[in-house]
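Secondary and tertiary structure notes
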Amino acid sequence: MSQPHTLFTGAVRAAIGEDALRDRLSEDVLFADVGEGAVRGLLDFDALDEVLATRPLAPPRLRLHRTGSAVPVERYTEAGEVSREATRVVRPEALYREMREGASLVLDSIDRLHPPVREAADDLMRLVHERAQVNLYLIWGDSHGFATHWDDHDTFIVQVAGEKDWKVHGPGSRPYPMKVDSDHSHTPPEGTVWEGVLRPGHVLHVPRGWWHTVTGTGGVSMHLTFGFTRATGVDWARSLVERLFDEEVFRRDLPRFSSPDERRKRHDELVRVLSALAEENGVDAFLAERDARFPRRQSYALRWAVEDGRAPDEGTLVEFVPLIAPPVEVEGGKASVTVSGRRYRFPAAAEPVLSVLARDRRLTAGELAERSGAGFDTVSAVLRAFVRHHLVVLRDPR
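Residues numbered from 1 in each chain as written. Predicted model: local features only at pLDDT ≥ 70, side-chain atom pairs only at ≥ 80, totals over all residues. Heavy atoms only, no water.

Points about the UniProt feature "domain: JmjC" (unreviewed entry) in the protein chain
The following threshold applies: UniProt positions are given in the numbering used here, feature names are shortened, and annotations may be inferred rather than shown by experiment. Secondary structure is summarised from DSSP: a helix means a run of H or I of at least four residues, a strand means a run of E of at least two, and numbering begins at the N terminus for each.
Under the present numbering, the feature "domain: JmjC" (unreviewed entry) in UniProt falls on residues 103-245. Secondary structure across residues 103-245 comprises 17% helix and 42% strand; the distance between its end C-alpha atoms is 50 Å.

Notes on the nonpolar core
We count it as follows: What is meant by a nonpolar core is a set of buried Ala, Val, Leu, Ile, Met, Phe, Trp, Tyr and Cys residues, joined one to another through side-chain atoms within 4.5 Å. Only protein chains enter the calculation, and the probe is 1.4 Å; a residue is then buried if its accessible area is under 20% of its type maximum, exposed if over 50%, and partly exposed in between. Any two residues whose heavy atoms approach within 4.5 Å at even a single point are treated as in contact.
Counting residues in each nonpolar core, the largest one holds 51 residues, and the members touching the most others are Leu107, Phe156, Leu224 and Phe226. Per element, the largest residue contribution to this core is 7 residues, and it comes from helix H6 (residues 115-128). Setting aside anything within four residues of it in sequence, one finds Phe156 in contact with Phe8, Val12, Leu21, Leu25, Leu124, Val203, Leu204, His205, Leu224, Thr225, Phe226 and Phe228. Residues Val337, Phe346, Phe386 and Val392 belong to the second largest nonpolar core, which totals 28 residues.

Focus: a negative patch on the surface
Going by this rule: For patches, a residue must show more than 30% relative accessible area and have no salt bridge; joins then use 9 Å for like charges and 5 Å for nonpolar side chains, namely Val, Leu, Ile, Met, Phe, Trp and Tyr. Only the protein chains shown count as cover for residues, and the accessible areas themselves come from Shrake-Rupley with a 1.4 Å probe. Any Lys or Arg side-chain nitrogen found within 4 Å of a carboxyl oxygen on Asp or Glu counts as a salt bridge. Within this scheme the basic residues Lys and Arg register as positive and the acidic residues Asp and Glu register as negative, but His and the chain ends are omitted. Working definition for charges: the position is that of NZ of Lys, CZ of Arg, CG of Asp or CD of Glu.
A cluster of like negative charges, contributed by Asp44, Asp46, Asp49 and Glu50, occupies part of the molecular surface. One can find Asp46 in helix H4 (residues 45-54).

Quick look at the pattern of salt bridges
All told, the structure shown has 29 salt bridges when counted by the stated rule. Where Arg126 meets Asp123, a salt bridge forms, and the shortest distance between an N and an O atom there is 3.7 Å. Of the two residues, Arg126 and Asp123 both sit in helix H6, 3 residues apart, roughly one turn of that helix. You'll find Arg126 and Asp123 in the same group, each marked buried. A network of salt bridges, in which partner residues are shared, links Arg66, Arg75, Arg97 and Glu98.

With respect to the packing of aromatic side chains
Condition: In summary, the pairing rule links any two rings of Phe, Tyr or Trp, Trp by its six-membered ring, whose centres are within 6.5 Å, and it sorts them by plane angle into stacked for under 30 degrees, edge-to-face for over 60 and tilted for everything else. Counting as a charge over the ring demands two things of the Lys NZ or Arg CZ atom: a distance within 6 Å of the ring centre and an angle within 35 degrees of the ring normal.
One pass over the structure, following the stated rule, counts 7 aromatic pairs. Relative to Trp140, the ring of Phe45 has its centre 5.8 Å away and its plane inclined at 35°; by these criteria the two rings are tilted. Of this pair, Phe45 sits in helix H4 while Trp140 sits in strand E7 (residues 132-140), and the two are 95 residues apart along the sequence. With relative accessibility at 29%, the residue Phe45 sits in the partly exposed group. A network of ring pairs unites the aromatic residues Phe8, Phe156, Phe226 and Phe228 as a single cluster. The lysine or arginine in question, Arg310, covers the ring of Trp304, its NZ or CZ lying 4.1 Å from the ring centre.

Things to note about the sheet that holds strand E17 (residues 392-395)
Here is the rule we go by: DSSP bridges decide pairing: two strands pair if at least two such bridges lie between them. Lines fitted to C-alpha atoms define the axes here, with helix axes fitted over just the stretch in contact, and angles between the N-to-C directions of these axes take values from 0 to 180 degrees.
Spatial ordering of the open sheet is given by E16-E12-E17, a layout of 3 strands whose pairing is antiparallel. Each end of this open sheet is capped by a strand with a single partner; those strands are strand E16 (362-364) and E17. Between one strand axis and the next, the sheet turns by 25° as a mean value, whatever way the strands run. Pairing of strand E12 (residues 317-320) with E17 involves 4 bridges; the strand directions are antiparallel. The partner of Leu317 across the bridge, within E17, is Arg395. Along the sheet, helix H14 (residues 376-388) contacts E12 and E17; its crossing angle with E17, the most-contacted strand, is approximately 115°.

A short note on the pairing of strand E4 (residues 77-82)
In terms of strand pairing, E4 meets strand E5 (residues 85-90) through 6 bridges, oriented antiparallel. Note on E5: the bridge partner recorded for Gly80 is Thr87. Joining the antiparallel neighbours E4 and E5 is a turn of 2 residues, in which Ser83 adopts a positive phi near 50°.

Notes on unusual backbone geometry
Of the consecutive residues Pro59 and Pro60, the connecting peptide bond is found in the cis state with omega at 10°. A positive phi is found at Ser26, a non-glycine position, where the angle reads about 70°. Note on placement: Ser26 falls in the loop between helix H2 (18-24) and strand E1 (30-33).

Thoughts on the side chain of His169
As a reminder of what qualifies: Any pair of N or O atoms that falls within 3.5 Å is considered a polar contact. Within protein, one atom must be able to donate a hydrogen and the other to accept it, and sequence-neighbouring residues count only if both atoms are side-chain atoms.
Here His169 lies in strand E8 (residues 154-171). There is a polar contact of 3.5 Å between the side chain of His169 and the side chain of Thr192.

Side note on empty space enclosed by the protein
For clarity, the threshold we go by: Each cavity reported here is a set of points on a 1 Å grid over the protein atoms alone in which a 1.4 Å probe fits but cannot get out, each pocket an open set with protein on both sides within 12 Å along at least five of seven lines, and each lining residue one with an atom within 4 Å of a point. Grid points are joined across faces, edges and corners, and a volume is the space filled by probe spheres set on the points.
Counted according to the given criterion, the structure contains 1 cavity of 30 Å³ or more. The volume enclosed by the largest cavity comes to roughly 40 Å³. Residue contributions to the lining of the largest cavity peak at 3 residues, all from H14.

Focus: the pairing of strand E2 (residues 62-66)
Relative to strand E6 (residues 104-107), E2 is paired through 4 bridges, and the arrangement is antiparallel. Paired with His65 across the strands is Ser104, a residue of E6. Pairing between E2 and strand E3 (residues 69-70): 2 bridges, direction antiparallel. If you follow Arg66 over to E3, its bridge partner there is Ser69.

Quick notes on a nonpolar patch on the surface
A cluster of nonpolar side chains, Tyr300, Leu302 and Val306, forms an exposed patch at the surface whose accessible area comes to about 370 Å². By the secondary structure assignment, Leu302 is in helix H11 (residues 302-306).

Comments concerning the sheet that holds strand E13 (residues 329-331)
Across the sheet, 3 strands lie side by side as E13-E14-E15; this open sheet has antiparallel pairing. Of all the strands in the sheet, just E13 and strand E15 (342-347) have a single pairing partner and so form its edges. Across the sheet, the axes of successive neighbouring strands diverge by a mean angle of 30°, strand direction being ignored. Here strand E14 (residues 334-339) pairs with E15 via 6 bridges, running antiparallel. Its bridge partner lying in E15, Val337 is registered against Tyr344. Its contacts with the sheet place helix H12 (residues 350-360) against E13, E14 and E15, and it is angled at close to 125° to E15.

Quick look at the structure:
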């Protein structure tokens, strides 16, 4: 059975180094040459043509840019209808014309459209423990779709075809800018901290807020941008604010018209309660809760989950659904896991099965029984429960 894609937890981690990746992620530009073979299966022109032909991709999900500005959608789409809803439909001949004239094609969330890219995005999420989205960028010629800019999220750039020239200038006048921020007026730095031509198999990490300039080199360039937004102190503080609704003193009106002494007493009480809450719900607890609420990928196994009496055999393919392996708690004869904010309890016999699934992620039911040490009847019963709770998807062998 094919194993999950490990572009980031495997090839990128090995090329950059575990320590360097941990210490420099989101803090410095990183470059790795993982080899063309490591990215060859992600996306090619045949697969892209199929995506464009079979998916209803209306702007702004699919859009064109040229020299820093969006190409008006009327130049490459026409009014149409999908499922009786009015929309814009791409006209292939108009799209070709605009791209021949130097426009850059952008396709958002291609990880939701093409399984190999989705698997690589899943792998990145297992590495960084944050949600990820993958956008496609395709251009011919030596023009550029975007002017010098910065992104409000961290990125890994994966070159899959052709070449593109990159200049990373570094952080601007406001370190760590955010999408929702109090100041968006910061300016780029002078000079360049990294520059080079990306070729197939090259991976470049650009931290949030780092300015960069990207241009074509005369031929074709197709790359995937894997973007993710890491948790910040603001996110932790917001989680504390949500807990304040449980505190009576924070629900009470502020004593606007009371004496200065009364207002000072209320202020001190608010600070005391807030400080205690921050101590009780520290950063570690916040990150653990964030992991416990991490979303699952949308994947389905309708017949296995809905039909009664359908039991796996040794060749049935099993895939673990949670993107981040949940810790398993065993107490009182029960094994418990929390996935996507929901807590599931199973007989303790499920614990070794969960442990193997979290480690290996994709295997046959027979392999799962062998590696977990549980009998096949036990594994079969556990899998029937797991598939109904969307913890695994089961598939008939091809």
